[in-house]
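# Working through the structure, step by step
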Amino acid sequence: MTISLSGQKVAKQIAERFPEVVSEVTDQAVVVKSESIFKVAEYLKNSQDFKCDYLNYIAAVDYYDYFELVYQLTSREHNHSLVLKTRCYDRDKSIVPSVVSLWRGADFQEREIYDLMGIAFEGHPNLKRIVLWEGFSGHPLRKDYL
Amino acid sequence: MEISRYSAYSDIELDKAEGEQIEALKLRAQEPIPDPDEWLDIEMPSNAIILSTVDALLNWARRSSLWPSICFPACCAFELIAANASRFDLSRFGMEILRASPRQADVMITAGTLTWKMAPQVRRIYDQMAEPKWVIAMGACGISGGIFRSSYNVVPGYNRIVPVDIYVPGCPPRPEALIYGIRMLHNKISKAHIVSPAKKTIEKREELP
């Protein structure tokens with residue numbers, strides 16, 4: 001069974017490396033600032049302590065005030081997993097750095113989030129609609145979509 | 001952040017053309033295609049004049065070996081597969097072969113929810129089937145969109161896209177219900193006239209681009 005790392009433990013190590021990046025910590029997850037999600041993800045992937053070489057999923061949640069992106073990462077070598085979150089407060093110009101260059105599995109999931117939630121991923125090689133067609137207006141999974 | 005392109009992506013021009021095609025189809029499919037039901041009241045011809053005999057023979061031949069095409073976008077397909085398998089055994093009606101090519105089929109059983117993105121393909125399957133052809137709308141989604149009717153991406157009934165002959169309600173309908181629908185379609189085919197085609201009084205829709 002994969003061991004879930006506690007948010008406090010992960011946040012402590014992230015904060016040692018990148019100060020003022022972690023914005024909130026819970027038992028389960030670490031919330032980091034959206035502009036630094038790429039460097040934190042890169043650190044979690046490459047550092048010897050974490051070695052998170054597998055991205056389980058990316059999910060997006062609309063909390064009215066902000067969008068929250070949830071990344072679950074797993075290390076096959078250490079057999080542990082952790083949850084990384086980031087928040088995007090701008091509804092009109094929602095831009096978050098892409099992690100496709102770290103995990104190829106993020107490609108279609110980021111496109112789906114872009115399609116249905118309207119969050120643009122900066123640095124994605126092929127950011128366009130995947131489920132709906134070109135020319136569809138709006139992003140249907142947003143809470144304010146009618 | 002430089003990312004090399006590992007895989008071949010489709011061109012944005014192709015995506016735009018697809019989007020325009022879907023929007024055009026959506027615009028044309030605002031109203032359901034009418035499906036007249038006068039045939040329900042028609043009595044079976046009993047007089048043995050030569051024309052009705054030709055009709056009877058042709059209709060018997062047609063209804064006794066319907067060949068379904070493959071159009072199973074969602075979960076009703078499993079009831080169709082169950083109906084096709086040994087317990088319910090559609091081969092009793094001469095329709096055990098599900099053709100992979102619509103050109104070899106004459107009945108489309110629309111088993112499942114249809115999204116607008118899939119709609120042009122379903123219309124193309126229907127257009128490629130050889131005349132005479134019939135459509136059975138199977139399940140709540142096939143009839144009206146079902147529980148997904150008000151969704152942003154679901155076609156509210158196959159009769160927006162293709163002319164439907166028989167509606168089989170249920171979510172999903174059991175194989176018995178589907179077989180009853182197929183028997184009704186047999187009934188409808190057996191009342192068709194070759195000389196004055198009463199089968200389809202639906203005007204042909206303009207072809208897709």
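See the structure printed just above.
The model shown is predicted, which means the values in this text are computed figures rather than measured ones.

## Details of the overall build of chain B
Across its full length, chain B holds 6 helices and 4 strands. Written out in order from the N terminus, the α and β elements of chain B read α-α-β-α-β-α-β-α-β-α. Looking at chain B as a whole, 33% of its 209 residues qualify as buried. A sequence separation of at least 24 residues applies to 81% of the contacts in chain B between residues at least 6 apart.

## Thoughts on the overall build of chain A
Secondary structure assignment for chain A yields 3 helices and 8 strands. When the elements of chain A are put in sequence order from the N terminus, they spell out β-α-β-β-α-β-β-β-β-α-β. Taking 146 residues into account, the globule formula puts the C-alpha radius of gyration at 15 Å, and chain A, at 15 Å, falls close to it. Dimensions of chain A, computed from C-alpha atoms along their principal axes, come out at roughly 45 × 30 × 25 Å. When the 146 residues of chain A are sorted by exposure, 34% land in the buried category. Across chain A, every contact between residues at least 6 apart in sequence was considered, and the portion connecting residues at least 24 apart equals 44%.

## A closer look at the interface of chain B and chain A
The partner chain A presents 12 residues to the 16 residues of chain B that form the contact. Along the lines of polarity and charge, the residues of the side of chain B that touches chain A split into 7 nonpolar, 2 polar and 7 charged.

## Here we look at the pairing of strand S2 (residues 107–111) of chain B
Residues and elements named next belong to chain B. Along S2, 5 of the 5 residues are buried, which leaves the element largely enclosed by surrounding structure. On S2, burial covers both faces: Val107, Ile109 and Ala111 on one face and Met108 and Thr110 on the other are all buried. In this structure, strand S1 (residues 68–69) lies alongside S2, joined through 2 bridges in parallel fashion. Bridged to Pro68 within S2 is Val107. Handedness of the β-α-β unit built from S1, helix H3 (residues 76–84) and S2 comes out left-handed. Here 5 bridges tie S2 to strand S3 (residues 134–138), and the two strands are oriented parallel to one another. By the bridge assignment for S3, Met108 is matched with Val135. Viewed along the sheet, the connection from S2 through helix H4 (residues 119–128) into S3 turns out right-handed.

Conventions adopted
- Residues numbered from 1 in each chain as written.
- Chains lettered and ligands numbered in written order.
- Predicted model: local features only at pLDDT ≥ 70, side-chain atom pairs only at ≥ 80, totals over all residues.
- Helix = DSSP H or I, 4+ residues; strand = E, 2+ residues; numbered from the N terminus.
- Buried ≥ 20, exposed ≤ 12 C-beta atoms within 10 Å, placed from the backbone.
- Contact = placed C-beta atoms within 7 Å.
- Rg over C-alpha atoms; globule rule 2.2 N^0.38 Å.
- Nonpolar A, V, L, I, M, F, W, Y, C, P; charged D, E, K, R; others polar.
- Pairing = 2+ DSSP bridges.
- Right-handed = clockwise from strand over helix to strand, strands pointing away.

All quantities given are derived from atomic positions and should not be read as evidence of function.
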